[in-house]
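In case you want the letters, here they are:
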Amino acid sequence: MTKQSNIRNFSIIAHIDHGKSTLADRLLEICGAVSQRQMENQLLDNMDLERERGITIKARAVKLNYKAQDGETYELNLIDTPGHVDFNYEVSRSLAACEGAVLVVDSTQGVEAQTLANTYLAMEHDLEILPVFNKIDLPAADPLKSKQEVEDIIGLPAMDAPEISAKMGINIEAVLEDIVRNVPAPKGDPKAPLKALVFDSQYDSYRGVVVYFRIMEGTMRTGQTIKMMATGASYQIVECGHLLPLGLEPCDSLSAGEVGYFTASIKTVSDTRIGDTITDAANPTAEPLPGYRPVQSMVYCGIYTEDGSKYPDLRDALEKLQLNDASLSFEPESSAALGFGFRCGFLGMLHMEVIQERLEREFDLDLVTTLPSVIYHVYKTNGELVTVDNPHNYPDPSLIERAEEPYVKVNIIAPNEYVGNIMPMCQDRRGEFKDMQYLDTHLVELHYQMPLNEIIYDFFDALKANTKGYASLDYELSGYRPSDLVKVDLLLNGDQVDALSFIAHRDKAYPRARRLCEKLKENIPRQLFEIPIQAAIGGRVIARETVKAMRKDVLAKCYGGDVTRKKKLLEKQKEGKKKMRALGTVQMPTEAFLAVLKLDE
Ligand SMILES: Nc1nc2c(ncn2[C@@H]2O[C@H](COP(=O)(O)OP(=O)(O)OP(=O)(O)O)[C@@H](O)[C@H]2O)c(=O)[nH]1
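Please read these numbers as outputs of a predicted model, since none were measured by experiment. (Residues numbered from 1 in each chain as written. Predicted model: local features only at pLDDT ≥ 70, side-chain atom pairs only at ≥ 80, totals over all residues.)

Caption draft 1: Inspection of the overall build of the protein chain at higher detail. Each helix and strand in the protein chain was counted, giving 15 helices and 32 strands. Here the protein chain, with 601 residues, has 44% of them falling under the buried criterion. Counted over contacts in the protein chain with a minimum sequence separation of 6, partners at least 24 positions apart contribute 69%. (Helix = DSSP H or I, 4+ residues; strand = E, 2+ residues; numbered from the N terminus. Buried ≥ 20, exposed ≤ 12 C-beta atoms within 10 Å, placed from the backbone. Contact = placed C-beta atoms within 7 Å.)

Structure below.
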């Protein structure tokens with residue numbers, strides 16, 4: 001067992017594309033953990049989707065052994081963190097498991113938005129932050145300028161920080177030496193009652209759930225009976241050990257300061273909550289670790305299969321995904337237009353998109369999803385409280401005494417030149433300005449109270465677009481407030497399409513309804529009869545468009561002889577038709593649903 005003074009627990013933080021994954025791979029390589037060939041599949045973010053989207057979704061950890069210049073061998077535990085606002089809570093738990101963070105700065109770019117946002121997160125956890133300046137192999141690199149920026153903007157000493165090329169493997173040892181010398185060794189009494197922080201878990205079909213944790217105090221042994229303090233569940237440890245790059249390395253015991261895993265025939269990851277405290281069942285610690293938060297779904301939508309007979313496949317797929325994703329919730333629902341499906345709850349829009357894509361790719365399902373919604377509280381005149389996560393269940397307006405919608409406390413950090421862009425954006429989204437603080441001469445922090453409904457769709461993207469990516473966003477639920485809500489129904493050819501109903505603030509209902517009708521008009525192919533598209537509140541129509549009658553001749557623009565091109569177009573039309581969904585009398589392609597989903601973009 002490594003002695004405590006030789007353990008270093010750290011993460012790597014960076015702005016996107018500054019070289020976090022490349023550096024992680026290099027560290028693994030230098031520590032002899034993996035061969036060049038194994039390296040080809042980048043190890044730390046190993047899900048296809050993560051790589052394509054350039055984000056890391058699940059936190060993971062790996063143990064490295066490093067023989068330092070002082071002759072000692074150190075145990076370095078690298079804990080990876082996800083990089084999106086939807087997963088902020090998971091990031092915070094991963095950081096809470098570390099004593100230090102390596103801050104990678106691309107020396108051709110200098111300090112960028114996420115450099116700052118991630119640094120603040122690390123500072124909140126009192127981590128020792130070690131800047132390193134990457135990509136010095138590029139002609140455009142100016143490490144000195146980047147160092148100056150880190151000193152001026154973030155206030156961290158940076159002049160002696162390592163200048164590296166993660167890609168070419170230049171100066172990587174300097175990073176390791178920096179970690180060994182400057183990240184504090186963990187503290188914590190190995191003889192105290194067990195107290196360990198769960199920062200991730202994963203489902204494995206052979207072992208059941210593999211729980212990743214960091215021990216703060218005490219010791220964990222194989223065979224020990226442990227208790228999860230938030231859920232109250234007890235388990236006997238079947239196996240515990242270290243997380244190596246290419247697999248798990250069982251050992252008899254792990255003690256204070258170490259990062260590792262255990263298995264205990266646990267059936268689903270929802271039994272092991274991120275942020276929970278593991279303790280000894282017979283000799284429990286007095287207080288759990290601070291900062292635990294139960295998972296809270298923020299966004300809901302209905303998910304259906306295009307082919308109704310695939311409903312059982314969808315259920316199996318969701319069950320499989322849930323084994324590994326405690327923040328995904330679902331329950332059956334049905335829709336007149338779409339048949340049987342599930343109402344699913346997500347942490348945010350990105351989480352929702354990732355799940356939808358995984359269902360389509362990994363389980364080969366063609367999906368139709370309804371408009372996303374938050375949870376509304378509706379108080380009826382008879383005193384009953386109805387929680388509505390599906391517009392379909394919105395009570396009749398005559399029975400409603402008042403309605404409330406969820407608000408979040410929004411925290412935006414950005415350079416001050418963007419304040420003029422950010423404020424109108426927040427106001428547009430019914431944001432209530434709270435205060436603004438200067439963090440230094442040119443960095444400000446803005447606080448708003450905003451309806452969650454206004455944030456979930458596109459706020460993060462819009463904020464980035466309006467600040468050249470420099471702003472960072474964080475939000476947490478702050479409570480419910482009364483709101484003038486209305487339910488808007490969509491009618492195609494006079495038939496209500498329940499899957500397209502939505503709930504909105506009255507002021508937003510009109511423009512949204514209009515855009516929805518326009519989008520539908522663009523996306524519904526002309527048919528043999530005229531189709532009125534209407535949006536209505538109660539019985540009152542508030543927007544209307546018409547799809548003119550006529551069949552679209554896809555060959556109209558294709559003059560002359562090329563048969564293959566004609567075939568292709570007809571093939572495409574056939575494919576399109578296959579995807580049509582019968583909604584009452586009207587055929588509506590899946591694309592129309594997807595297009596209206598992206599209404600705010
Ligand atoms: N020239 C050069 N390119 C580098 C260096 N380090 C990383 N890159 C390149 O920069 C790009 C981004 O590197 P990643 O390691 O994926 O960056 P990241 O910070 O992990 O990005 P995300 O996972 O998207 O957050 C890749 O194309 C790398 O090959 C370097 O030292 N020199």
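Structure shown, so let's carry the discussion forward.
Caption draft 2: Region of the structure containing the pairing of strand β4 (residues 100–106). In terms of burial, β4 is a largely internal element, six of the seven residues being buried. Looking at chain direction, strand β1 (residues 7–14) and β4 are connected through five bridges and run parallel. Each bridged residue has a counterpart across the sheet, and for S11 the counterpart in β4 is A101. The pairing of β4 with strand β5 (residues 128–134) spans seven bridges and is classified as parallel. Residue L103 lies in a different strand from β5, and its bridge partner there is P131. (Pairing = 2+ DSSP bridges.)

Caption draft 3: Just the packing of helix α1 (residues 20–30) against helix α7 (residues 172–182), in detail. Remark: α1 packs on α7, axes separated minimally by 10 Å, with the N-to-C direction vectors making an angle of 85°. In terms of axis orientation, α1 runs roughly perpendicular to α7. Packed against α1, whose contacting residues are R26, L27 and I30, the element α7 presents I172, E173 and L176 at the interface. (Axes fitted to C-alpha atoms, helices over the stretch in contact; angles between N-to-C directions. Parallel < 35°, antiparallel > 145°, perpendicular 65-115°, else oblique.)

Caption draft 4: Structural view of the packing of helix α10 (residues 419–428) against helix α12 (residues 459–466). Two elements in contact, α10 and α12, have axes whose closest approach is 9 Å; the angle formed by their N-to-C orientations is 155°. Comparing their axes, α12 and α10 come out roughly antiparallel. Between α10 and α12 lies a crossing of right-handed hand. Between α10 and α12, the contacting residues are N421, I422 and M425 on the first element and A462, L463 and N466 on the second. (Left-handed = near helix turned anticlockwise from the far one by under 90°.)

Caption draft 5: Structural view of helix α13 (residues 506–523). Taking 1.5 Å per residue as the helical rise, α13 with its 18 residues ought to reach 26 Å, and the 26 Å between its terminal C-alpha atoms agrees with that figure. Among all positions of α13, only A509, R512, A513, L516, C517 and L520 are buried. (Expected span 1.5 Å × (residues − 1).)

Caption draft 6: Structural context of the sheet that holds strand β6 (residues 195–204). The sheet built from eight strands is open, its strands ordered β10-β9-β15-β6-β7-β14-β11-β12 with antiparallel pairing. Every other strand in the sheet has two partners, leaving β10 (234–236) and β12 (247–251) as the edge strands with one partner each. Taken pair by pair, the neighbouring strands of this sheet meet at an average axis angle of 40°, ignoring direction. As paired strands, strand β7 (residues 208–217) and strand β14 (residues 259–263) are joined by five bridges and run antiparallel to one another. Across the sheet, the residue bridging to V211 is F262, located in β14.

Caption draft 7: Representation of the site of the ligand in the model. In the region of the ligand, 18 residues are neighbours, and G19, K20, S21, T22 and K167 sit closest. A total of three residues in the shell around the ligand trace back to one element, the largest contributor, which is α1. Here the shell around the ligand is composed, by residue class, of four nonpolar, nine polar and five charged. (Near = placed C-beta within 6 Å. Nonpolar A, V, L, I, M, F, W, Y, C, P; charged D, E, K, R; others polar.)

Caption draft 8: Just the UniProt feature "binding site: GTP" (unreviewed entry) in the protein chain, in detail. On the UniProt side, "binding site: GTP" (unreviewed entry) is annotated at positions that read D17, H18, G19, K20, S21, T22, N134, K135, I136 and D137 here. Among the structural elements, S21 can be located in helix α1. Tracing the chain through its elements places N134 in strand β5. Given 30 C-beta atoms within a 10 Å radius, N134 is considered buried. (UniProt positions renumbered as here; feature names shortened; annotations may be inferred.)

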